[in-house]
Amino acid sequence: MFLDLDHFKSVNDSLGHHIGDLLLIETATRLTSICREEDTVARLGGDEFVILLNELGTDPLSAANKAEKIAEKIHEVLSHPFNVGQSEPIMTSSSIGISLVGSDSQNADDLLKYADTAMYQAKKEGRNTTRFYQTQMDEWIKKRLFLENGMRHAIKNGELELYYQPVIEIKTKKIIGAEALLRWNHPEMGLIMPDEMISIAEESGLIVPIGEWVMKQSCTQFIEWKKHHPKGGEIERIAINVSAIQFRQNNFVDKVIAIVTETGILPSMVEIELTESMIIDKLDTVIEKMQRLREFGINLSMDDFGTGYSSLAYLKRLPFTTLKIDRSFIRDIMSDTDDAVLVETILTMAKIFDLDVIAEGVETVEQFEFLERHDCRYFQGYLCS
Ligand code: C2E
Ligand code: CA
Ligand code: CA
């Protein structure tokens with residue numbers, strides 16, 4: 001991200017360099033305050049800043065979305081008056097240009113150049129705005145619109161589908177449950193994975209009807225297995241991913257209760273997977289909703305544990321039943337001692353807090369044996385399915 005303050009020169013010229021310097025310092029403070037630990041904020045010179053955002057993922061569309069959100073936050077923090085020196089509060093804004101590793105270039109010099117070009121485009125288009133490096137952006141906007149439009153009819157046209165990944169109990173090696181994972185069979189583009197579609201569904205609000213469909217469909221499928229499949233009787237749980245946007249709806253809990261009642265599944269056989277992003281909301285409301293679900297008998301798991309900010313101590317305040325260790329930690333347990341220690345620690349702490357643990361992304365026998373040795377109860381992963 002290339003960032004340039006709008007009209008900085010006139011601040012310098014009219015209020016003096018000292019005030020200009022203070023404004024830059026305050027800008028840097030605000031920028032670092034909203035970036036994450038793993039990001040880098042640098043001043044390149046003058047009033048130009050470069051921000052390096054790590055870990056936006058490999059899908060260009062979702063990376064662009066995330067970068068755009070951060071840019072919005074930057075515009076927001078810089079829109080508040082700056083009280084620097086003895087002068088009147090100064091109002092400023094910024095122009096931001098963005099280029100993406102991978103889709104724009106792999107080369108650092110190119111990326112800087114492209115972000116700079118995009119920044120000039122932002123200035124030209126009226127300042128206080130964000131632009132992506134152009135050639136790519138046209139493509140993304142087109143693709144996004146195309147997907148969003150198609151998504152409006154996907155449920156009705158029967159294009160959505162659920163894949164079920166088994167959850168295995170490590171001690172008995174038995175399938176005890178399954179997680180429903182969404183797929184979209186697009187008539188022209190083929191199979192679309194959730195990483196490409198969930199963020200669009202969230203921003204357009206379509207995640208709400210889609211999420212309801214997922215819940216109904218997976219509960220119905222679960223009952224079908226129980227009734228008609230010889231081994232279905234042994235399965236205890238169906239896990240359903242719920243987006244923060246869905247969870248945030250006022251009537252979310254009522255909807256869940258209605259679907260469970262309507263399909264006839266036992267609430268204790270339903271597990272809702274939540275991510276940390278929903279905890280950012282007002283904690284009281286979040287806890288209240290979670291408690292209502294728990295009282296109804298539904299299980300709640302914390303998905304992707306370890307990737308966000310919440311600590312286990314924090315987690316203790318929330319009525320989770322299960323914790324899912326993110327696959328990024330499992331991936332390296334055999335090679336990275338830090339990750340191995342981390343997983344061991346999570347397992348120990350989970351036991352103290354009386355939480356079930358599912359290790360995600362288990363791909364090798366070695367990983368399986370590691371988890372078995374450390375008393376992890378369940379796993380999911382390509383090792384099995
Ligand atoms: P998640 O909840 O962490 O789901 C697990 C993802 O890891 C799935 O990707 C699964 O295919 C993949 N996976 C499973 N085992 C392995 C393994 O051994 N190695 C590796 N490398 N990957 C493995 P998928 O299906 O592409 O889903 C991606 C994400 O999309 C999910 O992550 C979940 O956050 C979201 N998602 C999927 N379905 C839904 C849905 O119905 N609603 C909502 N809101 N989000 C969904
Ligand atoms: Ca999940
Ligand atoms: Ca997960």
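Worth saying up front: this structure is predicted, and the values here are computed from it rather than measured.

S.K.: Would you take a moment to explain the environment of Glu188 for this structure?
M.R.: With respect to the helices, strands and loops of the structure, Glu188 is situated in the loop between strand 7 (174-186) and strand 8 (190-192). Measuring from C-alpha to C-alpha, the distance between Glu188 and Gln221 comes to 27 Å, with 33 residues separating the pair along the chain.

S.K.: Could you clarify how one ought to interpret the environment of Thr129 in this entry?
M.R.: Mapped onto the elements of the fold, Thr129 is located in the loop between helix 4 (108-124) and strand 5 (130-132). Between the alpha carbons of Thr129 and Ser95 there is a distance of 5.2 Å; along the sequence they are 34 residues apart. In contact with Thr129, not counting residues within four places along its chain, are His75, Ser94, Ser95, Ile96 and Ala122.

S.K.: Just checking my understanding: could you explain the coordination of the calcium ion (ligand 3) for this structure?
M.R.: Reference values for angles at a metal are 109.5 degrees in the four-donor tetrahedral case and 90 or 180 degrees in the six-donor octahedral case. In the first shell of the calcium ion (ligand 3), the protein supplies Asp303 (OD), Asp304 (OD), Glu360 (OE) and Glu360 (OE), at 2.2 to 2.5 Å from the metal. Mapped onto the sequence, the residues coordinating the calcium ion (ligand 3) show the spacing D-D-x55-E. The two metals, the calcium ion (ligand 3) and the calcium ion (ligand 2), are separated by 3.9 Å and share Asp303 as a common coordinating residue. Judged by its relative accessible area of 24%, Asp304 falls in the partly exposed class.

S.K.: How do you make sense of unusual backbone geometry when you look at a structure like this?
M.R.: Trans is the common state for peptide bonds, and a negative phi is the common state for residues other than glycine. For Glu55, which is not glycine, the phi dihedral falls at a positive 60 degrees. One can find Glu55 in the loop between strand 3 (48-52) and helix 3 (60-78). Look at Glu55 and you get exposed, because its relative accessible area is 66%. Here Asp304, not a glycine, exhibits a phi torsion of approximately 55 degrees, which is positive.

S.K.: What should I look at first to understand the coordination of the calcium ion (ligand 2) in this one?
M.R.: Only Glu179 (OE), Asn241 (OD1), Glu273 (OE) and Asp303 (OD) from the protein reach the calcium ion (ligand 2) as donors, at distances of 2.1 to 2.3 Å. Within one chain, the residues serving as donors to the calcium ion (ligand 2) are arranged as E-x61-N-x31-E-x29-D.

S.K.: Just to check I follow, could you spell out the domain arrangement of the protein for this structure?
M.R.: Accessible area lost upon the coming together of the parts is a frequently used measure of interface size. Each domain of the protein was delimited in the assignment, giving domain 1 (2-135) and domain 2 (150-379). Distance from the C-alpha centre of domain 1 to the C-alpha centre of domain 2: 36 Å. Taken residue by residue, the interface counts 6 residues in domain 1 and 6 residues in domain 2. For the domain 1 and domain 2 pair, buried surface summed over both sides reaches about 460 Å², with 45% attributable to carbon and sulfur atoms. Between the two partners, domain 1 and domain 2, sit 1 salt bridge.

S.K.: Before we go on, may I ask you to explain the nonpolar core in this structure?
M.R.: Inside soluble globular proteins, nonpolar side chains tend to come together where they are buried. Among the nonpolar cores identified, the biggest contains 106 residues, and Ile74, Ile272 and Phe320 are the most heavily contacted of them. Residue contributions to this core peak at 10 residues, all from helix 7 (residues 207-228). Looking at which domains feed residues into this core, each of domain 1 (2-135) and domain 2 (150-379) supplies at least three. Sequence-distant contacts of Phe320, defined by excluding residues within four places in its chain, comprise Leu274, Met278, Met290, Leu300, Ser301, Met302, Leu315 and Leu355.

S.K.: What should I look at first to understand the environment of Leu323 in this one?
M.R.: With respect to the helices and strands, Leu323 occurs in strand 12 (residues 322-325). Residue classification places Leu323 among the buried residues on the basis of a relative accessible area of 0%. Residues Leu323 and Trp213 lie 110 residues apart in sequence; the distance between their C-alpha atoms is 25 Å.

So, how was this worked out
- Residues numbered from 1 in each chain as written.
- Chains lettered and ligands numbered in written order.
- Predicted model: local features only at pLDDT ≥ 70, side-chain atom pairs only at ≥ 80, totals over all residues.
- Heavy atoms only, no water.
- Helix = DSSP H or I, 4+ residues; strand = E, 2+ residues; numbered from the N terminus.
- Contact = heavy atoms within 4.5 Å.
- Donors = N, O, S within 2.8 Å, 3.2 Å for Na, K, Ca; no water.
- Buried < 20%, exposed > 50% of the residue type's maximum accessible area, 1.4 Å probe, protein only.
- Domains from an automatic or database assignment.
- Buried area = accessible area lost by both parts, 1.4 Å probe.
- Salt bridge = Lys/Arg side-chain N within 4 Å of Asp/Glu carboxyl O.
- Core = buried A, V, L, I, M, F, W, Y, C linked by side-chain atoms within 4.5 Å.

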